[in-house]
Amino acid sequence: RTGAKEFSFMGTDGSLIFELRRNSKRIQEVRISYNKDSDLYSMRFTRFNTKSLETEIIDDRSGIYCDQLKEVFTEVTGIYC
């Protein structure tokens, strides 16, 4: 279990967005985008800084094959799924 919640789909760019609960890197949101031209995915991991009121990008990766999504998620968040 990843503790993911609040799933949404952004139709404008085709991204799946969801929130995470506690994890070792304090990542709060994950955005997964699919590029149909290259048949590859991008993943962006962010958290909201309550002091500066800005979203911080923790990690941003592109060129990910579908069978690598789980591996990248675990590597960046520290959550095994």
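Here, the structure is the one placed above.
We now turn to the structure provided with this report.

Rules used in this analysis
Each chain has its residues counted from 1, following the order in which its sequence is written. Two thresholds apply to this predicted model, a pLDDT of at least 70 for residue-level local features and 80 or more for giving and counting side-chain atom pairs, whereas whole-chain, interface and lining totals are computed over all residues. The basis for every side-chain value is the complete set of heavy atoms in the structure, and neither hydrogens nor water enter the calculation. We call a residue buried when its accessible area falls under 20% of the maximum for its residue type, exposed when it is over 50%, and partly exposed in between, using a 1.4 Å probe and counting protein chains only. Under the DSSP-based scheme used, a helix requires at least four consecutive residues in state H or I and a strand at least two consecutive residues in state E, with every element numbered from the N terminus. Any two strands with at least two DSSP-identified bridges between them are counted as paired. Stacked, tilted and edge-to-face are the three classes assigned to paired rings of Phe, Tyr and Trp, where Trp is represented by its six-membered ring and a pair needs centres within 6.5 Å; plane angles under 30 degrees give stacked, over 60 edge-to-face, the rest tilted. Whether two residues are in contact is decided by their heavy atoms, any of which lying within 4.5 Å being enough.

**A look at the pairing of strand β1 (residues 5-10)**
Little of β1 is tucked away: zero of the six residues are buried. By the bridge criterion, four bridges tie β1 to strand β2 (residues 15-19) in an arrangement that is antiparallel. The residue of β2 that forms the bridge with S8 is I17.

**Topic: the pairing of β2**
One ladder, built from five bridges, connects β2 with strand β3 (residues 29-35); its direction is antiparallel. Looking at β3, one finds that F18 is bridged to V30.

**Looking at the packing of aromatic side chains**
A complete count under the given rule lists three aromatic pairs for this structure. Residues F18 and F73 carry aromatic rings whose centres are separated by 6.3 Å and whose planes lie at 45° to one another, so their mutual orientation is tilted. In this pair, F18 sits in strand β2 while F73 sits in helix α1 (residues 69-77), placing the two residues 55 residues apart along the sequence. Per residue, the accessibility class of F18 equals that of F73, and both read buried. Among the aromatic residues, those joined into a ring-pair cluster are F7, F18 and F73.

**Things to note about the environment of L16**
For L16, the location among the structural elements is in strand β2. On the basis of relative accessible area, L16 is assigned to the partly exposed category, the value being 34%. Between the C-alpha atom of L16 and that of V30, which follows or precedes it by 14 residues, the distance is 8.1 Å. Sequence-distant contacts of L16, that is, excluding residues within four places in its chain, are made with F7, S8, V30, R31 and I32.

Shape descriptors only; they carry no functional weight alone.
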